[in-house]
Structure formats: structure tokens, C-alpha cells
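Structural characterization, general
Single-letter residue listing:
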Amino acid sequence: IKIVYAKEKDGDIVGYIRQVFGEDADKAIKIAKCESRFNTKAVGDGGNSIGLFQINIRWHKIMPKFLYNYKINTQVAYQLFKENHNTFSLWSCKP
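Counting starts from 1 at the beginning of each chain's written sequence and moves along it residue by residue. Residue-level local features of this predicted model are given only where pLDDT is at least 70; pairs of side-chain atoms are given and counted only at 80 or more, and the full residue set underlies all totals for whole chains, interfaces and linings. Each side-chain value is worked out from all heavy atoms of the structure, with water and hydrogens disregarded.

Scanning the protein chain for helices and strands turns up five helices and three strands. Labels follow the DSSP assignment, with helices taken as runs of H or I lasting at least four residues and strands as runs of E lasting at least two, numbered in each case from the N terminus. Element order for the protein chain, N to C, with α for helix and β for strand: α-α-β-β-β-α-α-α. For the protein chain, the proportion of its 95 residues judged to be buried stands at 43%. Residue contacts follow a heavy-atom distance rule, with two residues in contact if any of their heavy atoms lie within 4.5 Å. Relative to all contacts within the protein chain whose residues are 6 or more apart in sequence, the contacts with residues 24 or more apart total 44%. With the model as given, the accessible surface of the protein chain reaches about 5900 Å², and the carbon-plus-sulfur share is 50%. Relative accessibility thresholds used throughout: buried, under 20% of the residue-type maximum; exposed, over 50%; partly exposed, between the two (1.4 Å probe, protein chains only). Only the protein chains shown count as cover for residues, and all accessible areas are computed by the Shrake-Rupley method using a 1.4 Å probe.

Spelled out as C-alpha cells, the structure:
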């Protein structure tokens, strides 16, 4: 798989979050804005949290290069959201 890291417009990112999270999209958008300011290349926690939703690679064992893609990052965030009983408890930012 070859991932191209293009600069995305905030509207594209927000639209994709809405598509993935559905009725929980407004909360997810607040989380992404707080965690990364919609910066798909954001890196935090000493290099351990990557991308739009700041997915922690130490805990979730995902190759960082995939998490810079906002669609993959959003899908992983949604999976974590579902695994945690439809809550955003894993994120330091709260909706």
C-alpha cells in the first residue's frame, strides 16, 4: 500500500469524520480539533501519538506511517470509540 500525504482541507476532514462517526460526529470533530487542530501530521506524547485523533502507537500497535492518513486515522479512532462502549474516554480532550 502506498499512502500519499496530501494536505487536506479542513472541510474534507470534517466531512469524512461525519461520514464515519454518524450521529456522534459533532463530538468526534471536537476531539480531532482539540487533539490536533485538524493537523494530519501532528505528533504528540513524545512521538507516540500520531495524526488527526492522536492515536497512541505504543498502546494500539499501528505503524505510524498509516496514521498520517486522515481516513485511516479516523477509522482507527472510530474503532477505538466502538471498543470503548461508544465513548471518547481514551482521549485527553473531551467533547
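Having seen the model, we can carry on.
Mapped onto the elements, D24 comes out in the loop between α1 (10-21) and α2 (25-36). Counting along the chain gives 57 residues from D24 to F81, while the straight-line C-alpha distance between them is 9.9 Å. When residues no more than four places from it in sequence are discounted, the contact partners of D24 are F81 and F88.

Let's shift gears to the state of the cysteines. Two cysteine sulfur atoms make up a disulfide if the distance between them is within 2.5 Å. Inspection of every chain in the model, using the stated rule, returns one disulfide. At a sulfur-sulfur separation of 2.0 Å, the disulfide partner of C34 is C93. Taking the sign of the S-S torsion, about -70° here, the bridge from C34 to C93 comes out left-handed. Placement of C34 in helix α2 and of C93 in the segment after α5 (70-83) is noted, with a sequence separation of 59 residues between them. By relative accessible area, which is 10% here, C93 ends up buried.

Of all hydrophobic cores here, the largest spans 26 residues; its most connected members are I17, F21, F38, L52, F53, I55 and W91. Among the secondary structure elements, those contributing two or more residues to this core are α1, α2 and α5. Broken down by element, the residue count for this core peaks at six residues, all from α1. Look past the residues within four positions of L52 in its chain and what remains in contact with it is I13, I17, A32, E35, S36, F38, N39, T40, Y70, N73 and T74. Joining through side-chain atoms within 4.5 Å is the link that ties buried Ala, Val, Leu, Ile, Met, Phe, Trp, Tyr and Cys residues into a set, and such a set is a nonpolar core.

Once that is clear, we can look at the pattern of salt bridges. Put simply, a salt bridge is a Lys or Arg side-chain nitrogen that is within 4 Å of an Asp or Glu carboxyl oxygen. The final tally for this structure, using the stated rule, is one salt bridge. The partner of D26 in a salt bridge is R18, and the shortest N-O contact between them spans 2.8 Å.

The backbone of F38 shows a phi angle near 65°, a positive value even though the residue is not glycine. Of note, the phi angle at H85 is positive, near 60°, even though the residue is not glycine. On the basis of relative accessible area, H85 is assigned to the exposed category, the value being 71%.

With that settled, consider α2. Three or four residues apart is the spacing at which side chains of an α-helix point the same way, because the helix has 3.6 residues per turn. Expected helix span is computed as 1.5 Å times (number of residues minus one). The end-to-end C-alpha separation of α2 is 16 Å, in line with the 16 Å expected for 12 residues at 1.5 Å each. Buried residues of α2: A25, A28, I29, I31, A32, E35 and S36, and no others. In an axial view of α2, the angular spread of the buried residues amounts to 160°, which keeps them on one side of the axis. Every exposed residue of α2 that faces more than 90 degrees away from the buried side is listed here: K30 and K33. At the C-terminal side of α2, R37 shows a positive phi close to 55°. Note that the arc is defined by the directions from the helix axis to the C-beta atoms.

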